[in-house]
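# Remarks on the overall topology
The residues making up each chain are set out below.
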Amino acid sequence: MTGRRANDNWAAGDAYDAYMGRWSRLVGRAFLDWLAEPPDLRWLEIGCGTGVLSEVILEYGEPKHLLGIDPSESFLAHARERTPHPALRFRVGSAEALPVEDGQFDVAVSGLVLNFLADPARAVMEMRRAVHPGGTVAAYVWDYGEGMDMVRLFWEAATALDPAAREHDEGVRFPLAAEAPLAALFRDSGLEEVETRAIEVPTIFDDFDDYWSPFLAGVGPAPAYCMGLDETARTALRERLQSTLPVAPDGRIHLNARAWAVRGDVPG
Ligand SMILES: C[S@@+](CC[C@H](N)C(=O)[O-])C[C@H]1O[C@@H](n2cnc3c(N)ncnc32)[C@H](O)[C@@H]1O
């Protein structure tokens, strides 16, 4: 199963950054290192959200220009404010019907987006269409099923308290978020020289509150689930997490997050 649900709630930029943006930024840097694209290219970013990866592309990719596309007006407002730069433009749009002409870009990327789409195959075809022959299409998504500890531990606690929570678990909802399905998605879209790469980043929380409070803003699937619980159930979930998360002697919580990255060349 893939696809966005209304209660995934991509709207509040600050809350998104505290919950997920800070970790996506770390993956974005490793992703750009891996792509090793030369400077001065024309970049397209799908599902740019609050501009986390856009900012990394500006820093590391030195683009000629970068167009970021996302359906969330409020995320884009946040992105514009975060990264005012003459090379950077943002536009409202959807991955499945990109508002761009054929072959106008050298590279099309997306970070943490493909699994949320109703039709990821169509989105990859659209990215391919937007890039000229010989250009690059690439993406990364969290390994929700196994390697993204922050979210994995949340759902383990939630389903231990209520087995019905399993249907909201991103590890269950998003089978695309794994190495083989991503590679198949890219190959089936006609991309060539498809490669995958695991990207692991440390997610270190100052204390339990640093881990827990972003869930209370309700932005993203797990926070939306958390805020849909009544007060008693949410307190039980907090207490279960508090008693199971590995707290270091200095009070910090050291977790890991793995993303799967995939890239391919547009034929021709
Ligand atoms: C987890 S966020 C990732 C944001 C950003 N790329 C990052 O790495 O932080 C998922 C993003 O996908 C966007 N999104 C959801 N449905 C989309 C669609 N059909 N087309 C393009 N983007 C979409 C959301 O608005 C949100 O900004």
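Note: the structure precedes this text.
Described below are features of the structure shown in this document. Predicted, not measured: the structure shown is a model, and the values here were computed from it.

What counts and what doesn't
- Residues numbered from 1 in each chain as written.
- Predicted model: local features only at pLDDT ≥ 70, side-chain atom pairs only at ≥ 80, totals over all residues.
- Heavy atoms only, no water.
- Axes fitted to C-alpha atoms, helices over the stretch in contact; angles between N-to-C directions.
- Helix = DSSP H or I, 4+ residues; strand = E, 2+ residues; numbered from the N terminus.
- Parallel < 35°, antiparallel > 145°, perpendicular 65-115°, else oblique.
- Left-handed = near helix turned anticlockwise from the far one by under 90°.
- Contact = heavy atoms within 4.5 Å.
- Nonpolar A, V, L, I, M, F, W, Y, C, P; charged D, E, K, R; others polar.
- Near = heavy atom within 4 Å.
- Polar contact = N/O pair within 3.5 Å; in protein donor to acceptor, adjacent residues only side chain to side chain.
- Areas by Shrake-Rupley, 256 points an atom, 1.4 Å probe, with all protein chains shown as cover.

### A look at the packing of helix α5 (residues 149-161) against helix α10 (residues 231-244)
In a packed pair of helices, the relevant descriptors are the angle between the two axes and the axis-to-axis distance. Between α5 and α10, the shortest axis-to-axis distance is 9 Å and the interhelical angle comes to 125°. By the angle between their directions, the pair α5 and α10 is classed as oblique. Crossing of α5 over α10 shows right-handed handedness. Between α5 and α10, the residues in contact are Leu153, Phe154, Ala157, Ala158, Ala160 and Leu161 and Ala236, Leu237, Arg240 and Leu241, respectively. When grouped by side-chain class, the residues that make up the contact of α5 with α10 number nine nonpolar, no polar and one charged.

### Re the site of the ligand
Among the 22 residues in the neighbourhood of the ligand, the closest are listed as Tyr16, Ser24, Gly47, Asp70 and Gly111. For the ligand, a nitrogen atom lies 2.8 Å from a polar atom in the backbone of Gly111. Protein contacts shield 97% of the accessible area of the ligand, which totals 600 Å² for the unbound molecule. Across the shell around the ligand, the residue classes break down as 12 nonpolar, six polar and four charged.

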